[in-house]
Amino acid sequence: MYCAPFWKKKKITDNFRADIISTVEFNYSGELLATGDKGGRVVIFQHEQESKNRPHLRGEYNVYSTFQSHEPEFDYLKSLEIEEKINKIRWLPQQNAAHFLLSTNDKTIKLWKISERDKRAEGYNLKDEDGRLRDPFRITSLRVPVLMPMDLMVEASPRRIFANAHTYHINSISVNSDHETYLSADDLRINLWHLEITDRSFNIVDIKPANMEELTEVITAAECHPHQCNVFVYSSSKGTIRLCDMRAAALCDRHSKFFEEPEDPSSRSFFSEIISSISDVKFSHSGRYMMTRDYLSVKVWDLNMENRPVETYQVHEYLRSKLCSLYENDCIFDKFECCWNGSDSAIMTGSYNNFFRMFDRNTRRDITLEASRESSKPRATLKPRKVSTGGKRKKDEISVDSLDFNKKILHTAWHPKDNVIAVAATNNLYIFQDKIN
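The present account deals with the structure reproduced in this document. All residue numbers refer to positions counted from 1 along the written sequence of the respective chain. Where local features are concerned, this predicted model is filtered to residues with pLDDT of at least 70; where side-chain atom pairs are given and counted, the filter is 80 or more; whole-chain, interface and lining totals use all residues. With hydrogens and water stripped out, all remaining heavy atoms of the structure feed into the side-chain values.

Description of unusual backbone geometry
Using the following cut-off: Working definition: helices are DSSP H or I runs of at least four residues, strands are E runs of at least two. Numbering for both runs from the N terminus. Three labels apply to residues, based on accessible area from a 1.4 Å probe with only protein chains included: buried if under 20% of the type maximum, exposed if over 50%, partly exposed otherwise in between.
Of note, the phi angle at Ser79 is positive, near 50 degrees, even though the residue is not glycine. By the secondary structure assignment, Ser79 is in the loop between strand 6 (73-75) and strand 7 (80-82). A positive phi angle is found at Asn354, which is not glycine, with a value near 60 degrees. Mapped onto the elements of the fold, Asn354 is located in the loop between strand 25 (346-350) and strand 26 (355-360). Take Asn354: its relative accessible area is 10%, and that puts it in the buried class.

So this is what it looks like as structure tokens:
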């Protein structure tokens, strides 16, 4: 159903860790795709127009701009290293010829302007063409500078830097539907910023207890409603989601709605609290539903029903018997993201062994696909993969014991209009498109 890959990021082996992709995000039109990595770099890919020579491709994504967003820092007061890793990227809606995006590491959020320049001014009065200053006494006539064509340059420049507002590590940023404000969330607090004001923000959620020994949960993700600028949600490590309305109070410590699925006492174990922690929350494009990802499943919630999700999809239930070993190698703490397609009819999330899962909400069918070098050949069709959970293994199936837990797909993105998906597998980016007959 979904499939042929048409571009793959080249693998750079000089500094493997710095190249590991840490976030993937399409812009509102889907024309641009941004990735951030652990080295603090942002790489932007642009969708090229369809080629007459290769009509089977809907245009490739090629590198448009690369820039260093964050550098490693050191907090001398706390003797703490602040790594350059990009935690999140969020695009702003395009208002003019330039594009704007927010990128954040653990502490600092930056607003970047990405613009094109294909002309340069020539014929200055006070300096030569090579840039050297001229002797004012030798200037005998005035020239009017003219704009001359030049090779296209894509420039990325920081327009705002929002710093010193988070004590703990930032895990989420979300642009509000008013396009003037945005949220940033760390483990214990959520702040509301205005895009034009960098020296102050409003603290709208604070769950830090007076005594840190009484701390029982942390904020794991937060997102603004796509249409109502006063509504946002945040998820917790206890598996709960709180919906807040900023019209009710300046400090939203009291939620408007509380979403939690009752736990089955018979299935409770040592790992229950860890695997129930929500790693991602996303509103549907319509604003009617929201989706949450915990360790083993994806749940879809109706905003009008708080007591249980309307849909639950098991991502890799076969790992339930492996939780002990996953705890020992720390994989149980991996934070998988999830995303909607443009019409909210399908959802996607990642798994191990470079597998990713897609669920059709209308037919309730699901498929497991693999992002690998073998599937990255032009016009290659992705074959569904199946995991054998025990007994006799079929020819096409892979055993649970042979899954590679070092290969994991944590970050995925879906084009807002087309069946085009981006999947980050360690330091490789795969882009797949729906198969064209």
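Considering the packing of aromatic side chains
Heads up, the rule is: Ring pairs are drawn from Phe, Tyr and Trp, using the six-membered ring of Trp, whenever the two centres fall within 6.5 Å, and their geometry is named by plane angle: stacked under 30 degrees, edge-to-face over 60, tilted for the rest. Two limits define a charge over a ring: the Lys NZ or Arg CZ must be within 6 Å of the ring centre, and within 35 degrees of the ring normal.
Here the structure, examined in full by the defined rule, presents 18 aromatic pairs. Centre to centre, the rings of Phe336 and Tyr352 are 5.3 Å apart; their planes meet at 90 degrees, and the pair counts as edge-to-face. Here the residue Phe336 occupies a position in the loop between helix 2 (323-328) and strand 24 (338-340), and Tyr352 occupies one in the loop between strand 25 and strand 26, the gap between them amounting to 16 residues. Positioned above the aromatic ring of Tyr289, the side-chain terminus of Arg361 is 4.8 Å from the ring centre.

Looking at the sheet that holds strand 24
Threshold: Should DSSP find at least two bridges between two strands, the strands are regarded as paired. Axes here refer to lines fitted to C-alpha atoms; in helices the fit is confined to the stretch in contact. Angles between the N-to-C directions go from 0 to 180 degrees.
The strand order across the open sheet built from four strands is 24-25-26-27, with neighbouring strands paired in antiparallel fashion. At either margin of the open sheet sits one strand with a lone partner, and together these are strand 24 and strand 27 (366-370). Direction aside, neighbouring strands of the sheet carry axes that sit 20 degrees apart on average. As defined by bridge partners, strand 26 adjoins strand 27 across five bridges and the pair is classed as antiparallel. When the bridges of strand 27 are listed, Phe355 appears paired with Glu370.

Focus: a nonpolar patch on the surface
Here is the rule: Patch definition: residues above 30% relative accessible area lacking any salt bridge, with like charges linked at up to 9 Å and the nonpolar side chains Val, Leu, Ile, Met, Phe, Trp and Tyr linked at up to 5 Å. Using the Shrake-Rupley algorithm and a 1.4 Å probe, accessible areas are obtained, with residue cover drawn only from the displayed protein chains. Salt-bridge detection follows one rule: a side-chain nitrogen of Lys or Arg within 4 Å of a carboxyl oxygen of Asp or Glu.
A cluster of nonpolar side chains, contributed by Phe270, Tyr327 and Phe333, occupies part of the molecular surface with about 330 Å² of accessible area. Turning to its location among the elements, Tyr327 is positioned in helix 2.

A few points about the pattern of salt bridges
For the coordinates displayed, the defined rule picks out 22 salt bridges. A salt bridge links Asp334 to Lys408; the nearest nitrogen and oxygen atoms lie 3.0 Å apart. Of the two residues, Asp334 is situated in the loop between helix 2 and strand 24 and Lys408 in the loop between strand 29 (397-399) and strand 30 (411-414); the sequence distance between them amounts to 74 residues. Residue class for Asp334 comes out buried when judged on its relative accessible area of 16%. You can call Lys408 buried: its relative accessible area is 19%. The partner of Glu370 in a salt bridge is Arg385, and the shortest N-O contact between them spans 2.2 Å. Of this pair, Glu370 sits in strand 27 while Arg385 sits in the loop between strand 27 and strand 28 (386-388), and the two are 15 residues apart along the sequence.

Observations regarding the environment of Thr240
Applied cut-off: Note on definitions: a residue-residue contact is assigned when non-hydrogen atoms from the two residues lie within 4.5 Å. Side-chain atoms alone can form a polar contact between residues adjacent in sequence; in general such a contact is a pair of N or O atoms within 3.5 Å, and within protein one must be able to donate a hydrogen while the other accepts it.
As for its placement among the helices and strands, Thr240 is situated in the loop between strand 17 (231-236) and strand 18 (241-245). On the accessibility criterion, Thr240 (3% relative accessible area) is buried. Residues Thr240 and Phe258, 18 residues apart in the sequence, show an inter-C-alpha distance of 7.2 Å. If near-sequence neighbours (up to four positions away) are discounted, Thr240 is found in contact with Glu217, Tyr234, Ser235, Phe258, Phe259, Glu260 and Ile278. Among the polar contacts made by the side chain of Thr240, one reaches the side chain of Ser236 at a distance of 2.9 Å. Among the polar contacts made by the side chain of Thr240, one reaches the side chain of Arg242 at a distance of 3.3 Å.

So, the nonpolar core
Heads up, the condition is: Take the buried Ala, Val, Leu, Ile, Met, Phe, Trp, Tyr and Cys residues and link them wherever side-chain atoms come within 4.5 Å; each set so joined is a nonpolar core.
If you look at the biggest cluster of nonpolar residues, it comprises 19 residues, and the most contacted ones within it are Tyr295, Leu319, Leu326 and Leu403. Those residues in contact with Leu319 that sit more than four places away from it in its chain are Leu296, Leu326, Tyr352, Val400, Leu403 and Phe405. Cys339, Ala346, Phe356 and Leu369 belong to the second largest nonpolar core, which has 16 residues in total.

Some points on the layout of surface pockets
In plain terms, the rule: Put plainly, a pocket is an open set of points on a 1 Å grid over the protein atoms alone with protein on both sides within 12 Å along at least five of seven lines, a cavity is a set where a 1.4 Å probe fits but cannot get out, and a lining residue has an atom within 4 Å of a point. Grid points are joined across faces, edges and corners, and a volume is the space filled by probe spheres set on the points. Lys, Arg, Asp and Glu make up the charged group, whereas Ala, Val, Leu, Ile, Met, Phe, Trp, Tyr, Cys and Pro make up the nonpolar group; the residues left over, Gly among them, are polar.
A volume near 1200 Å³ is recorded for the largest pocket. Along the walls of the largest pocket sit 48 residues, with Lys85, Phe333, Asp334, Lys335 and His411 positioned nearest its centre. Breaking the lining of the largest pocket down by element, the ones donating at least two residues are strand 2 (21-26), strand 8 (88-91), strand 12 (172-175), strand 16 (219-224), helix 1 (272-276) and strand 20 (280-283). For the lining of the largest pocket, the element with the highest residue contribution is strand 16, accounting for five residues. For the lining of the largest pocket, the per-class residue count stands at 17 nonpolar, 13 polar and 18 charged. Of the pockets and cavities examined, the second largest pocket occupies roughly 820 Å³. If you go around the second largest pocket, you meet 31 residues; those closest to its centre are Glu25, Tyr28, Glu223, Phe283 and His285.

Purely spatial values, then, with no claim about function.
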